[in-house]
Amino acid sequence: GRLYKLGGQYLGRGEDLIKAENLLRKGRTFSAERVEYVNELAEVLIAAGRFNEAEAIVLEHLRQVPPPLSSVIAGHLYFVGEKYNLAAEEYEKARKEGYEFWRKDGDYGRYLVANEELNNYDRILSMSLEFLEHRGPDSLAWFNVAVAYKNLDNEEKAAAAFREAVKLDSQYLEYEEFFRD
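The sections below set out a description of the structure shown in this document. It should be emphasised that the depicted structure is a prediction, and the values quoted were computed from it without experimental measurement.

Brief notes about unusual backbone geometry
Thinking step 1. Look at the link from proline 67 to proline 68: it is a cis peptide, with omega at 0°.
Thinking step 2. Along the chain, proline 68 falls in the loop between α4 (51-62) and α5 (69-80).
Thinking step 3. Located in the positive-phi region is asparagine 119, a residue other than glycine, with phi close to 60°.
Thinking step 4. With respect to the element layout, asparagine 119 can be found in the loop between α7 (105-117) and α8 (121-135).
Thinking step 5. Despite not being glycine, aspartate 153 shows a phi value in the positive range, around 65°.

Quick look at the pattern of salt bridges
Thinking step 1. Under the counting rule described, the total for this entry stands at 12 salt bridges.
Thinking step 2. Because the salt bridges share partners, they merge into one network encompassing Glu21, Arg25, Arg50 and Glu53.

Concerning the packing of helix α6 (residues 84-96) against α8
Thinking step 1. Across the interface, α6 lies against α8 with an axial gap of 13 Å and an inter-helix angle of 40°. Judged on the interaxial angle alone, α8 and α6 are oblique. Considering how the two elements wind past one another, α6 and α8 form a crossing that is left-handed. The residues of α8 that touch α6, namely those facing Ala88, Glu92 and Arg95, are Arg123, Ser126, Met127 and Glu130.
Thinking step 2. Taken together, the residues that form the contact of α6 with α8 break down as 2 nonpolar, 1 polar and 4 charged.

As for the environment of alanine 54
Thinking step 1. With respect to the element layout, alanine 54 can be found in helix α4.
Thinking step 2. Beyond its immediate sequence surroundings of up to four residues, alanine 54 is in contact with Ala42, Leu45, Ile46 and Leu77.

What to know about α8
Thinking step 1. For α8, built from 15 residues, the straight-helix expectation of 21 Å at 1.5 Å per residue is met to within 8% by its first-to-last C-alpha distance of 20 Å.
Thinking step 2. Structurally, α8 contributes buried residues whose contacts are with α6, α7 and α9 (139-151).
Thinking step 3. Positive phi shows up at glycine 136, right after α8, with a value of about 85°.

Parameters and conventions
Residues numbered from 1 in each chain as written. Predicted model: local features only at pLDDT ≥ 70, side-chain atom pairs only at ≥ 80, totals over all residues. Heavy atoms only, no water. Helix = DSSP H or I, 4+ residues; strand = E, 2+ residues; numbered from the N terminus. Salt bridge = Lys/Arg side-chain N within 4 Å of Asp/Glu carboxyl O. Axes fitted to C-alpha atoms, helices over the stretch in contact; angles between N-to-C directions. Parallel < 35°, antiparallel > 145°, perpendicular 65-115°, else oblique. Left-handed = near helix turned anticlockwise from the far one by under 90°. Contact = heavy atoms within 4.5 Å. Nonpolar A, V, L, I, M, F, W, Y, C, P; charged D, E, K, R; others polar. Expected span 1.5 Å × (residues − 1).

As structure tokens, this is what we get:
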């Protein structure tokens, strides 16, 4: 199913999406519990413009998945579907349930992007500081802190966080004018 899915998504071959869907649905009859089949089928349905069907399949599957992972997976579904308000809501629920987004770069990144789409800079700040606390110095995390403080109108802290980012990676100097205190 994966190759057909890629053919449909990247080569624009709609018939490949139909083939992928059929294969993945058949695979689920053999092993309904396999999360790979659920994820792949959801991606195929989203690529075919059928988000509601994808959502129904994933949410049905998530009845078997305990929190906080169920909330993370639901958040990823909404993220891929560009429903950032729902993604951010599920991610925050997972965070309150004890999920540590800072442990996985992909999850951390999706959390930040979903919240940035909604201008939730307080959440971006909190998550980025948590990342730094647990994983140590990181230029991108410091830059995220700087951007969050800037958007929360704390110019002094934004400038200090920006300086930390630049200490670790000079590429951020191109944004210097934005962070002058």
